[in-house]
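Here is how the chains run, residue by residue.
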Amino acid sequence: MKFTFAHNNFNVIDLEKSVNFYKEALGLEEIRRKKASDGSFELVFMGDGTTGHQLELTWLRDWEKDNYDLGDNEFHLAFVTEDMDAAHKKHEEMGCICFENAAMGIYFINDPDNYWIEIVPAK
C-alpha cells in the first residue's frame, strides 16, 4: 500500500484576502473552488503549477471567532525558491516576514491568519 500527498488545509477568516496573499507572496494559483450548497463553507485549492501538492483554504460561515487558535504555531508549510534574495525582498516589502534564521539561511512569513510559511533556498 502506498500513500502520496494530496493537500494541506488552513482554515481562514477572510477567504479572498488569503487567496490574494498566496497569489502575491508565493505565486500560487487557484485550481478549483467548492461552495457548499447551503453556504456553510467554501474551499479554494491553490497550487504552484509545478507539483501536485495543493493548499486547501477553508472558509466557514458559522465560525464565530475573529481568528483561529494556532497554539504554539509549531507547524508550517515550507516552500523552496531559486532566488532567496528576490523572495526576501518581496516578502520584506509585503511586511510579512515574521522570523529569520540567518545561520540556517531560512526565514518565515506569516499569512493573514498568522500561519507560518518557511522559505528555504533550493539546493
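Above this text sits the structure in question.
The paragraphs below set out a description of the structure included in this document. If you're wondering where the values come from, they're calculated on a predicted model, not measured in any experiment.

This part is about the sheet that holds strand β1 (residues 7-12). Hydrogen bonds between backbone groups are what pair the strands of a sheet, and the pairing can be parallel or antiparallel. Across the sheet, which stays open at both edges, the four strands sit in the order β1-β4-β3-β2 with mixed pairing between neighbours. If you trace the sheet from one side to the other, it starts and ends with β1 and β2 (29-35), each paired once. Along the sheet, successive strands turn relative to each other by an average axial angle of 20 degrees, direction set aside. By the bridge criterion, seven bridges tie strand β3 (residues 41-47) to strand β4 (residues 54-60) in an arrangement that is antiparallel. The partner of Val44 across the bridge, within β4, is Leu57.

Despite not being glycine, Asn114 has its phi angle at roughly 75 degrees, a positive value. With respect to the element layout, Asn114 can be found in the loop between β7 (106-110) and β8 (116-121). The class of Asn114 is partly exposed, set by a relative accessible area of 37%.

Cut-offs and rules
Residues numbered from 1 in each chain as written. Predicted model: local features only at pLDDT ≥ 70, side-chain atom pairs only at ≥ 80, totals over all residues. Heavy atoms only, no water. Pairing = 2+ DSSP bridges. Helix = DSSP H or I, 4+ residues; strand = E, 2+ residues; numbered from the N terminus. Axes fitted to C-alpha atoms, helices over the stretch in contact; angles between N-to-C directions. Buried < 20%, exposed > 50% of the residue type's maximum accessible area, 1.4 Å probe, protein only.

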